[in-house]
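Each chain, written out:
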Amino acid sequence: MSTPRPTDLILHRTSHALEVAFDDGSRFRLPCEYLRVESPSAEVQGHGPGQKVLVAGKRNVNVRAIEPMGNYGVLLRFDDGHDTGIFSWSLLHELGREYDARWANYVAALEAAGLSR
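Conventions adopted
- Residues numbered from 1 in each chain as written.
- Predicted model: local features only at pLDDT ≥ 70, side-chain atom pairs only at ≥ 80, totals over all residues.
- Heavy atoms only, no water.
- Buried < 20%, exposed > 50% of the residue type's maximum accessible area, 1.4 Å probe, protein only.
- Helix = DSSP H or I, 4+ residues; strand = E, 2+ residues; numbered from the N terminus.
- Pairing = 2+ DSSP bridges.
- Expected span 1.5 Å × (residues − 1).
- Arc of directions from axis to C-beta.
- Contact = heavy atoms within 4.5 Å.
- Axes fitted to C-alpha atoms, helices over the stretch in contact; angles between N-to-C directions.

Caption draft 1: How the structure looks around the pairing of strand β3 (residues 27-31). Burial along β3 is one-sided: the face carrying Phe28 and Leu30 is buried and the face carrying Arg27, Arg29 and Pro31 is not. Here strand β2 (residues 17-22) runs beside β3; their pairing, made up of five bridges, is antiparallel. Pairing of Ala17 across the sheet is with Pro31, part of β3. If you look at the hairpin formed by β2 and β3, you'll find four residues sitting between the two strands, and Gly25 has a positive phi there, around 95°.

Caption draft 2: Region of interest: helix α4 (residues 99-113). The first and last C-alpha atoms of α4 sit 21 Å apart over 15 residues, in line with the 21 Å expected at 1.5 Å per residue. Within the sequence span of α4, burial applies to Trp103, Tyr106 and Leu110. Buried positions in α4, seen along its axis, are confined to an arc of 60° and lie on one side of it. Exposed residues pointing more than 90 degrees away from the buried face of α4 are listed as Asp100, Asn105, Glu111 and Ala112. Buried residues along α4 sit in contact with α1 (32-37).

Caption draft 3: Quick peek at unusual backbone geometry. With a phi angle near 55°, His16 is a residue other than glycine that sits in the positive phi range. By the secondary structure assignment, His16 is in the loop between β1 (6-12) and β2. His16 sits in the partly exposed class, given a relative accessible area of 26%.

Caption draft 4: Fine view of the sheet that holds strand β6 (residues 86-88). Pairing is antiparallel in the open sheet, where three strands are placed in the order β4-β5-β6. Two strands close off the open sheet at either side, each with one partner strand: β4 (63-69) and β6. Across the sheet, the mean angle separating the axes of adjacent strands is 30° when strand polarity is ignored. In this sheet, strand β5 (residues 73-78) lies alongside β4 in antiparallel orientation, the contact comprising six bridges. For Ala65, the partnering residue across the bridge sits in β5 and is Arg77. The strands touched by helix α3 (residues 89-97) are β5 and β6; relative to β6, the strand with the most contacts, the crossing angle is about 75°.

Caption draft 5: Local environment of the side chain of Lys58. Mapped onto the elements, Lys58 comes out in the loop between α2 (42-45) and β4. Assessed through its relative accessible area of 16%, Lys58 is described here as buried. Residue contacts for Lys58: discarding those within four places in its chain leaves Glu33, Arg36, Val37, Asp80 and Arg117.

Caption draft 6: The arrangement of the pairing of β2 in detail. Among the six residues of β2, six are classified as buried, and the element is accordingly described as predominantly covered. Neither face of β2 is left uncovered, since the one carrying Ala17, Glu19 and Ala21 and the one carrying Leu18, Val20 and Phe22 both have all their residues buried. Where β1 meets β2, six bridges bridge the pair, whose relative direction is antiparallel. Within β2, the residue paired with His12 across the bridge is Ala17. The turn linking β1 back onto β2 is made up of four residues, and His16 within it adopts a positive phi angle of 55°.

This is how it looks when you write it as structure tokens:
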């Protein structure tokens, strides 16, 4: 199975969402908050298994810029200053497919830690 390639990428600044469509027919509307807390950066993911950081307080975060990274993905520059971690096309596709489960896990983890979005 080949990696789906993007066919469309639209930043909806007003609704704080990134819409991405792929050549397999899938289309996802991913909240900027979700992308920020799932950033592939070492700051969020850590440097090894089990080191992921729970990021709170990002309810109103937005993407201020999108920079292409070769043919494999994009760098999202968030308006809270976070601008590391390249979102590959395969990661964006995975984040779209797994949104419901990942978001539910994130909200539950925040609640368990006594933190808020």
